[in-house]
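In case you want the letters, here they are:
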Amino acid sequence: MAQVTLVEAARLAALQEMRRDPTVWVLGEDVARGGLFGQYRGFLDEFGADRIVSTPISESMIMGGGLGAALVGTRPIIEMRIFDFVMCAMDELVNQVAKVRYMFGGQAKPAVVVRMPHGIWRNSAAQHSQTLESWFTHIPGVIVAVPATPADTAGLLVSAIRSDDPVLFFDPKNLFPLTGEVPAVIDPIPFGKARLARAGKDLTIVTWSAIVPQVEEAGAMLAERGIEAEILDLRTLWPWDEEAVAASLHRTGRLLVAHEAVTVGGFGGEVVARMVERLGPAAIKAVARVGQPRVPVPFAPPLEDALKPDTAKIVAAAEALMRR
Amino acid sequence: MTNTGGDNRARLITLYGTMCRIRAFEETALAAHKAGEIPGPLHVSIGQEAVAAGVCGNLRRDDRITSNHRGHGHALAKGAGVSGMMEELFGRAGGHCRGKGGSMHIADFSVGMLGANGVVAGGIPIAVGAAQGIKLLGADSIVACFFGDGAINRGPFLEGLNWAVLYRLPVLFVCEDNGVAAFTATASVTAGPGVAARAQSLGVPCTSVDGNDAAAVDEAAARLVAEIRGGSGPRLLHATTYRITGHTSSDPAAWRDPAAVAAAKEAEPIGRLRARLLAEGVPAAMLDGIQGEARAEMTHAREDALSAPWPDPAIAWEDVQDCGAVEAH
Ligand SMILES: Cc1ncc(C[n+]2csc(CCOP(=O)(O)OP(=O)(O)O)c2C)c(N)n1
């Protein structure tokens, strides 16, 4: 086991898979020089310019080209540089990647991984900070991965590369420096299995991606105040671990969903709705959501901080939930 | 490549046969649509058959094509199975896409037909990427990418050509220029001199051809395909043609200038090639036979499709994804 950063864990996972399978390759802007975050550092020397392809700023081509290359039997990793630019490739993602398998009656195998570093990061303002993962859970045909630890990032990326389904992989860019253990041989982590980040009996906190460390910190603070939160990091939003959440909520009766994304229309609403459907309203004593207000992400640090969900807001929401 | 004598004649007769099959397929489909046998819209390419036949006749089975919303001809010319196509139009279980795609999403991967596309220019990035994948795998097949003149005003056209040049990819771009984009004269919404100039400005050599002259399309395509297979990088074939019918099966095309339509019918590619073959001494009975066979084949396909089973509703839940698929309730 090596102690590495999250971005290095992602690099190691891609490296392992590209060594294993010569049909795996990467395309995206500036990837041959190592990628914007160093997630492909050293790949050019090892794999050459045909397998780590620095592309023009042509998001439609990056996405649609990756799909075309998958349709002839390769396994592209489509790097979007920063999540927000995927909006320039929405037709290729939503109408093409997500549709070809179904629309063609199973003939197509769109085995692509779309990597989209997302979230609030270094005061990058409204067009470089979004967390819109809930949109993509609404689209049949894709897997939505939202890891938050180095080990999960590595294991889920291995699964993503080996998957015949298209996987939308949301790299949590604010967590890139986070360190953790990653095994020498990275095994795939199955989609749809939550990670139990903390066990507790008083309330269930469901979370994912960028905000997970703050939720874990909040869990520790709550424990000091006598509240035992159970924390489930979903790791993937489609499929998602309904079973684990239902089992936990069945015991605690209180549900808090915390995500960095805007609360309105966020995937937290789906989590709550499913739990009400499954367990019935009587089984749930109280529900709350923590996320961004429905405001674009601002630039200035005090403005960004005011809107960003953080440990204090999570603790406050959990305490309020316990009083209900 | 100039063909001479009997070889050339056999080639032209093959082209004639392909065009007759496309025409017969689409006329049969239109009749079936009118009779209420085919749900949804149909975009037929009546009058444009020479482009599909001339290009695909120069492709190998392991070459790929991508198509647009008007793709029956491309698919048939590439060798897609007729019963699978007709059943797909009818929404039947035996369709190439199991009844999930319909006319606008015909695909037959077994012959390298990677799909029609309901989004204008949507097939361009896919074609270029397929070529990149083929190159990465070290194969020598190529990709032909069919799109209409309307597609050249969308970004993926620029992105795709630029990209294909940068990576020297084996792509034949085929602009089927019928002068209209749905109901709008393309020239009225297109700046500059058009597709050829745009392609050339990006370093994609462009060959313009009378797209209603099947022999001319065939000859141009043969040369371009050979160049591309030889490693030239992308080429663009600009084929001017005319769409005799309306935009969709529900458009009677009454908005068109009747004189232009009449002139177009005179210049349509099947009649033209027939006249040439007759002049070269091919017996009329032989050409009539080819046409009759095509019509019989398609009539038969229609009858079969009409009595073919509908898909079991349970299959609506299939082919979504391996992991995270939803169960039928
Ligand atoms: C991106 C997109 N915009 C609009 C449409 C609606 N539409 C379908 S076909 C068509 C015209 C396309 O023109 P062209 O490619 O020249 O083909 P034609 O129909 O004239 O044969 C339009 C606007 C579409 N399918 N996709």
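Here we summarise the structure given alongside this text. What you see is a predicted model, and the numbers here were worked out from it, not measured in a lab.

Regarding the side chain of Asn 178 of chain B
Residues and elements named next belong to chain B.
- Residue position: Asn 178 is located in the loop between β3 (171-177) and β4 (180-181).
- Classification of Asn 178 as buried rests on a relative accessible area of 9%.
- Side chain to side chain, Asn 178 and Gln 48 meet in a polar contact 2.7 Å long.
- When neighbours within four sequence positions are excluded, Asn 178 is seen to be in contact with Gln 48, Asp 149, Thr 241, Tyr 242 and Arg 243.

Focus on the interface of chain B and chain A
- Counting from both sides, the interface comprises 43 residues of chain B and, opposite them, 44 residues of chain A.
- Considering only the surface of chain B that becomes buried against chain A, Phe 109, Leu 136 and Trp 163 of chain B emerge as the three largest contributors, covering 19% of it.
- Joining chain B to chain A, the criterion identifies 1 salt bridge.
- Across the pair Asp 322 of chain B and Arg 101 of chain A runs a salt bridge whose closest N-O atoms are separated by 3.0 Å.
- Across the chain B-chain A interface, the total number found is 17 residue pairs in polar contact (both at pLDDT 80 or more).

What about the site of the ligand?
Residue and element names in this part refer to chain B.
- For the ligand, the set of nearby residues contains 16 residues, the closest of which are His 69, Arg 70, Gly 118, Gly 150 and Val 180.
- Taking Arg 70, its side chain carries an N or O atom lying 2.6 Å from an oxygen atom of the ligand.
- Asn 178 is positioned with one of its side-chain polar atoms (N or O) 2.9 Å from an oxygen atom of the ligand.
- For the ligand, the accessible surface in isolation is 570 Å², of which the surrounding protein chains cover 72%.
- When grouped by side-chain class, the residues that make up the shell around the ligand number 6 nonpolar, 6 polar and 4 charged.

Here's the deal with the nonpolar core
- Counting residues in hydrophobic clusters, the biggest one holds 82 residues, and the most contacted among them are Phe 147, Phe 173 and Leu 236 of chain B.
- Built from parts of two domains, this core gets at least three residues from each of domain 1 (2-182) and domain 2 (195-322) of chain A.
- If we skip the residues at most four places from it in the chain, Phe 147 of chain B touches Asn 68, Ile 124, Ile 152, Phe 157, Phe 173, Val 174, Cys 175, Glu 176 and Leu 236 of chain B.
- Ranked by size, the runner-up nonpolar core spans 59 residues in total, among them Cys 20, Met 113, Ile 228 and Ile 290 of chain B.

Scoring rules and cut-offs
- The numbering scheme is per chain: residues are counted from 1 as the chain's sequence reads.
- For this description, chains carry letters from A and ligands carry numbers from 1, given in the order in which they are written.
- Side-chain atom pairs in this predicted model are given and counted only at pLDDT of 80 or more, local residue features only at pLDDT of at least 70, and totals for whole chains, interfaces and linings cover all residues.
- Excluded from the side-chain calculation are hydrogens and water; included are all heavy atoms of the structure.
- For helices the rule is a DSSP run of H or I covering at least 4 residues; for strands it is a run of E covering at least 2, with both sets numbered from the N terminus onward.
- Working definition: with a 1.4 Å probe on protein chains only, accessible area under 20% of the residue-type maximum means buried, over 50% means exposed, and in between means partly exposed.
- For the purposes of these results, a polar contact is taken to be a pair of N or O atoms within 3.5 Å, where, inside protein, one atom must be able to donate a hydrogen and its partner to accept one; residues adjacent in sequence count only when each atom of the pair is a side-chain atom.
- Whether two residues are in contact is decided by their heavy atoms, any of which lying within 4.5 Å being enough.
- By buried area we mean how much accessible surface two parts lose on assembly, using a 1.4 Å probe and totalling the loss over both.
- By salt bridge we mean one thing: a side-chain nitrogen of Lys or Arg within 4 Å of a carboxyl oxygen of Asp or Glu.
- Only heavy atoms are used to decide nearness, and a residue is near a molecule or strand if one of them lies within 4 Å of it.
- The method behind every accessible area is Shrake-Rupley, applied with a 1.4 Å probe, and residues are considered shielded solely by the protein chains displayed.
- Charged residues are taken to be Asp, Glu, Lys and Arg, nonpolar residues to be Ala, Val, Leu, Ile, Met, Phe, Trp, Tyr, Cys and Pro, and polar residues to be all remaining types, Gly included.
- Side-chain atoms within 4.5 Å link the members of a nonpolar core, which is a set of buried Ala, Val, Leu, Ile, Met, Phe, Trp, Tyr and Cys residues.
- All the domain ranges listed were derived from an automatic or database domain assignment.

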